[in-house]
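As a plain string of letters, each chain reads:
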Amino acid sequence: MKLLFGYSSRIYVVDCEHINRAGGFLLASNHISHFDPPIISSVARRKIDWMAMAEFFPIPGLGHFLKAVDAFPAARDRADRKTIRSAIERLKDGRIVGVFPEGGIRDGARSLLGGAPLRPGASTLAHMAGVPIVPCVILGSDRLYAKRNWLPLRRTPVWIAFGQAISHFPELEKSVARARIEQELADGFQRLYAELRRKFQLTRDDLPHPPRERMRSQPKNPRRRLHRAAANAVDFAMCVSMNLVQSRHRLNGRSAEEMDRYVVECEKLTPHEYYAAPKDVGLIAAIQNGNRFSLTWRSPIETEFPRNNVARADFFPCGRGKAAPTVFMLHALMSATHIGYWRWAARFNELGWNACFVHLPYHYSRVPPGHWNGELAITADLIRNAEGLRQGVIEVRQLIGALRDHGYGEFGILGTSYGGWIGALLAMVERDLRFVALMCPIVNVEHAIWQNPGTAFMRRELRRAKIAPELVARHFHLSSPLHNEPACDPARVLFVSGDFDLIARPADIDAIQQKWRGSELLRVPQGHFGYRVMRETVTRLKERGF
């Protein structure tokens, strides 16, 4: 089996020491394919006695093979005393017994990874035998159902994580102990599942699919290849431009010390404290009924650039006025023009929504003299980057508060790229939002800084200034949506991912959509830069009745 799966797969294992512990214990794993038992056995130094479906044993050849590897039959629809007795004997002899608590191959909502309840057999068996349970999560093995993944050199990736042993709680009463084991086991599965997705940046395609879906051959699509090539070319060109712009901004010799002081102060704060929005009386007074108007007010965060210290938003009321909900449109980094957003504001007015186009820090009316639109929003100066994000979030929160005080009721967020980043941060601190639509948002700050092709010059400057990734990571609890949870209802969050995006990777958006359980993911065949994503996002919002 090691030879077979060494040829066909690249197997990545997390915390293998938990499976190689001494003594007898129960190994409980999720089940996504018939390949799971031999793959898991191939990475363990100890032999595993698998509890297999009784229907397999009468099959000529297969039954002999299962007996030869010390597997033993189990009925799925009833408790078999012979099976239980055999399992307990093996466990008390110090052997490993492998079980699949789901009772069969499961994916999606029917699987324990998708939140389905565990069958009680594993906890009962562990308690009766007086042994611990080691949880295991395997992903990727279901892709071996596709014949093409057995071709030479394909080596389909498979990911396996083993958790710490869970006690059988001998000190507790039987019913209480079994309930405690089940809860600890369910939590262990979810932790391992989240760890694999985060550690290996797994995409939706990497996660479990039905075997029949994997077996279907997918026809080649020349147009999709062309779209990918064109999207990658545009994204690459834009990344080159971003690096050229960043090259105008070099760090000083005190940057590491300044960053350390800033992070130390920020570590004391929660997101709600960091993004706390003071009430602005002048902003409330400036809001009035009528035709389109612009709102300007003093930003609560002072920067070294006077023009950036004046916040601005263009408000487009619809005919319903205060009775209508309001959508805040948060534009992308270095957005070329406001005209497209104003046109979408008119579309929202037709749909019965008020629209508010926010001038984010260092953009449009807030561009300091001698600089490009948005040039100062993202540079190697990470403190300015963080304060710009903070400034954007607080100003939108001030707008929401002022409109609410003025009689406006419901609010939605529509953010793109950099604006999507700010929108995701808003979702972390604003509870009462009708929807949050995030198009190609920057959600993984770690990747955005240290791997993104658009920040190559930034990385060079950070390394030259000896600013380590570990120092930057200490700010992620405030600035990285992927490292946080939403304050609003996740069911009202729509993530929109570009299939060919080189900047906001689909893997990162898949990961945050899985972490923000209940949110929705929409995939669009484009790169980071394109107009299709906006059309499909608004269409999806209309379909959902937002």
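Residues numbered from 1 in each chain as written. Predicted model: local features only at pLDDT ≥ 70, side-chain atom pairs only at ≥ 80, totals over all residues. Heavy atoms only, no water.

Caption draft 1: Representation of the packing of aromatic side chains in the model. Considering all chains together, one arrives at 18 aromatic pairs under this definition. When the centroid spacing of 5.6 Å and the interplanar angle of 65 degrees are considered together, the rings of Phe316 and Trp342 count as edge-to-face. Highlighted residues: Phe316 in strand E9 (residues 310-316) and Trp342 in helix H12 (residues 339-350), separated in sequence by 26 residues. Where Phe435 meets Phe546, the ring centres are 6.0 Å apart and the plane angle is 20 degrees; that geometry is what we call stacked. Taken together, the residues span a long stretch of sequence, with Phe435 in strand E13 (residues 435-439) and Phe546 in the segment after helix H20 (532-543) at a distance of 111 residues. Overall, the relative accessible area of 14% leaves Phe546 in the buried class. Every member of this aromatic cluster is reached through a ring pair, and the members are Phe5, Phe35, Tyr145 and Trp150. Arg21 extends its terminal NZ or CZ atom over the ring of Phe25, reaching a point 6.0 Å from the ring centre. A cation over a ring is seen here: Arg197 above Tyr193, with NZ or CZ 4.4 Å from the ring centre. (Phe/Tyr/Trp six-rings, centres within 6.5 Å; stacked < 30°, edge-to-face > 60°. Helix = DSSP H or I, 4+ residues; strand = E, 2+ residues; numbered from the N terminus. Buried < 20%, exposed > 50% of the residue type's maximum accessible area, 1.4 Å probe, protein only. Lys NZ or Arg CZ within 6 Å of the ring centre and 35° of its normal.)

Caption draft 2: Representation of the sheet that holds E13 within the structure. Taken together, 8 strands build an open sheet; the order of strands is E8-E9-E11-E10-E12-E13-E14-E15 and the sheet is mixed. Single-partner strands in this sheet number two, and they are strand E8 (293-298) and strand E15 (520-524). Along the sheet, successive strands turn relative to each other by an average axial angle of 20 degrees, direction set aside. Where strand E10 (residues 326-330) and strand E11 (residues 354-359) come together, 5 bridges link them in parallel fashion. Note on E11: the bridge partner recorded for Met329 is Phe357. Packing of H12 onto the sheet brings it into contact with E9, E10, E11 and strand E12 (411-416), and relative to E11 it is tilted by some 160 degrees. Contacts from H20 reach E12, E13, strand E14 (493-498) and E15 within the one sheet, and its direction differs from that of E15 by about 145 degrees. (Pairing = 2+ DSSP bridges. Axes fitted to C-alpha atoms, helices over the stretch in contact; angles between N-to-C directions. Contact = heavy atoms within 4.5 Å.)

Caption draft 3: Looking closely at the state of the cysteines. Here the structure, examined in full by the defined rule, presents 0 disulfides. The closest cysteine sulfur to the non-disulfide-bonded Cys16 is located on Cys136, 9.8 Å from its own sulfur. Looking at Cys318, it has no disulfide partner, and the nearest cysteine sulfur is the one in Cys356, 13 Å off. Residue classification places Cys318 among the buried residues on the basis of a relative accessible area of 10%. (Disulfide = S-S within 2.5 Å.)

Caption draft 4: Structural view of a nonpolar patch on the surface. On the surface, Met1, Leu4, Ile59, Leu62, Phe65 and Val69 cluster together to form a nonpolar patch covering roughly 480 Å² of accessible area. Note on placement: Ile59 falls in the loop between strand E3 (48-53) and helix H3 (62-68). (Patch = residues over 30% accessible without salt bridge, like charges linked within 9 Å, V, L, I, M, F, W, Y side chains within 5 Å. Areas by Shrake-Rupley, 256 points an atom, 1.4 Å probe, with all protein chains shown as cover. Salt bridge = Lys/Arg side-chain N within 4 Å of Asp/Glu carboxyl O.)

Caption draft 5: Summary view of helix H8 (residues 222-246). With 25 residues, H8 ought to run about 36 Å at 1.5 Å a step, and its terminal C-alpha atoms sit 36 Å apart, in line with that. Within H8, the full set of buried residues consists of Ala231, Asp235, Cys239, Met242, Asn243, Val245 and Gln246. Those residues of H8 that are buried lie in contact with helix H16 (456-464). (Expected span 1.5 Å × (residues − 1).)

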